Amino acid sequence: MTVHYLPGVQRSAPTAVIVVAAGSGERLGESVPKAFVELDDRTILQHAVSRIARLPAANLIVVVVPGRLVVRARMDVMFGRPRVQVTAGGAQRSDSVRAGIEHIMAAAPETEVILVHDAARPLTPTAVFNRVIDAVTSGHRAVVPGIPVVDTLKEVVVEGERVSVRGTIDREMLRAIQTPQGFSVDALTRAYADPTELATDDAGLAERCGIPVHVVEGDALAFKITTPWDLRIARGVVAESGPEELP
Ligand code: CTP
Ligand code: MG
């Protein structure tokens, strides 16, 4: 296989990871913001960061949390980890990602590769991070992890109370997209150049700029904790395996 290197992006290129954790977790419905909910004796955020801190490739890890929880988060995730920094996020996920990008540009302007990861996916195996980093350093400017869709998907027509099927979608051509999503710095700054653009997905903004997005293999363990049911599953996985045994 021929490996094409981007000008300026090399293997072991300086890499930073943004961990967005500034959401409120409305759908989870707990009394604290989602990232501060415990899975065992550690919070979702502590699990997410401890896994990323095991990656030798991550030169800087920027954790983005609600402004009022910056001091608390520093106590939770920075101790003994010089590469971890904490900053305040914004009202929308894209505002939080932007805050992370600005922090990186100020703290580590030599950065060439940026990964954006949801704290709400705390059990994501390090292998997924490595696949994304490898794909960006080998020349893909935007990279997302994806997994096949298992359910049958149908497009429906909604008319008041009545819902009927318009057709069945070929799921062979579909992937459920996870994080971390990886970018060359130029691709991510271009994607986020327009402050009015909103997206739940960073690669979505890159797509709108015409940047090709490459898909690598995701992992079932990279699922997002959104609802109380997801929290139950995450707690079960942690209790069953012990955090250090997870991949
Ligand atoms: N996020 C963020 N800043 C925001 C909104 C979301 O950093 N203003 C982060 C969340 O903390 C989460 C990730 O983006 O790690 C994915 O968002 P989501 O799962 O929607 O989390 P919440 O927005 O917290 O949940 P909800 O939408 O149910 O309120
Ligand atoms: Mg949200």
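Right, let's walk through the structure included here. (Residues numbered from 1 in each chain as written. Chains lettered and ligands numbered in written order. Predicted model: local features only at pLDDT ≥ 70, side-chain atom pairs only at ≥ 80, totals over all residues. Heavy atoms only, no water.)

Now for the overall build of the protein chain. Looking only at helices and strands, the protein chain features 7 helices and 10 strands. Overall, the protein chain is about 55 × 45 × 40 Å in size when its C-alpha atoms are taken along their principal axes. Every one of the 247 residues in the protein chain was classed for burial, and the buried ones make up 47%. Long-range contacts, defined here as pairs at least 24 residues apart, represent 71% of the contacts in the protein chain between residues at least 6 apart. Split by element, the accessible area of the protein chain, about 12,300 Å² in all, is 54% carbon and sulfur. Here the protein chain contributes 26 positive and 30 negative side-chain charges, whose respective centroids are spaced 1 Å apart. (Helix = DSSP H or I, 4+ residues; strand = E, 2+ residues; numbered from the N terminus. Buried < 20%, exposed > 50% of the residue type's maximum accessible area, 1.4 Å probe, protein only. Contact = heavy atoms within 4.5 Å. Areas by Shrake-Rupley, 256 points an atom, 1.4 Å probe, with all protein chains shown as cover. Lys, Arg positive; Asp, Glu negative; His and termini not counted. Charge placed at Lys NZ, Arg CZ, Asp CG, Glu CD.)

The next subject is the pairing of strand β7 (residues 162-169). Burial analysis of β7 places just 0 of its 8 residues in the buried class, a small minority of the element. Adjacent in sequence and paired antiparallel, strand β6 (residues 153-159) and β7 are bridged by 2 residues, among which Gly160 carries a positive phi angle near 65°. (Pairing = 2+ DSSP bridges.)

Taken together, 18 residues form the shell around ligand 1, and within it Val20, Gly25, Glu26, Ser96 and Lys224 come nearest. Between Val20 and ligand 1, the recorded distance is 2.8 Å, taken from a backbone N or O atom to an oxygen atom. One nitrogen or oxygen atom from the main chain of Ala120 is found 3.3 Å from an oxygen atom belonging to ligand 1. Relative to its unbound accessible surface of 570 Å², ligand 1 loses 87% to contact with the protein. Taken together, the residues of the shell around ligand 1 sort by class into 6 nonpolar, 6 polar and 6 charged. (Near = heavy atom within 4 Å. Polar contact = N/O pair within 3.5 Å; in protein donor to acceptor, adjacent residues only side chain to side chain. Nonpolar A, V, L, I, M, F, W, Y, C, P; charged D, E, K, R; others polar.)

Right, let's talk about the pairing of strand β3 (residues 84-88) for a bit. Where strand β2 (residues 58-65) and β3 come together, 5 bridges link them in parallel fashion. By the bridge assignment for β3, Val64 is matched with Thr87. Taken together, β2, helix α2 (residues 70-77) and β3 constitute a β-α-β crossover, and its handedness is right-handed. (Right-handed = clockwise from strand over helix to strand, strands pointing away.)

Turning next to a nonpolar patch on the surface. A cluster of nonpolar residues, Val156, Val158, Val163 and Val165, forms a patch on the protein surface that exposes about 340 Å² of accessible area. For the nonpolar patch, the secondary structure elements donating two or more residues are β6 and β7. (Patch = residues over 30% accessible without salt bridge, like charges linked within 9 Å, V, L, I, M, F, W, Y side chains within 5 Å. Salt bridge = Lys/Arg side-chain N within 4 Å of Asp/Glu carboxyl O.)

Next up on the list: the side chain of Arg98. For Arg98, the location among the structural elements is in helix α3 (residues 93-107). Not counting the four nearest positions on each side in its chain, Arg98 is found in contact with Tyr192, Asp194, Pro195 and Glu197.

When charged atoms on two side chains of opposite charge get close, those side chains can pair. Tallied over the full model, the rule gives 9 salt bridges. Residue Asp118 pairs with Arg121 through a salt bridge whose shortest N-O separation is 3.1 Å. When its relative accessible area of 10% is taken as the criterion, Arg121 is described as buried. Measuring nitrogen to oxygen at the nearest pair gives 3.0 Å for the salt bridge that ties Arg141 to Asp186. Note that Arg141 is positioned in the loop between α4 (126-137) and β5 (142-148) and Asp186 in helix α5 (residues 185-191), a separation of 45 residues in sequence. In this structure Arg141 comes out as partly exposed when scored by relative accessible area, which is 22%. By relative accessible area, which is 38% here, Asp186 ends up partly exposed. Several salt bridges converge on common partners, so that one network encompasses Arg93, Asp118, Arg121 and Asp202.

Let's shift gears to helix α1 (residues 44-52). Burial runs high along α1: 9 of the 9 residues are buried. All of the buried residues in α1 are Ile44, Leu45, Gln46, His47, Ala48, Val49, Ser50, Arg51 and Ile52.

The subject of this paragraph is the side chain of Asp230. Summarising the element assignment, Asp230 is placed in helix α7 (residues 228-241). Lys224 is the oppositely charged side chain nearest to the buried, salt-bridge-free Asp230, at an N-O distance of 7.0 Å. Excluding residues that lie within four positions of it along the chain, Asp230 makes contacts with Phe223, Lys224 and Ile225.

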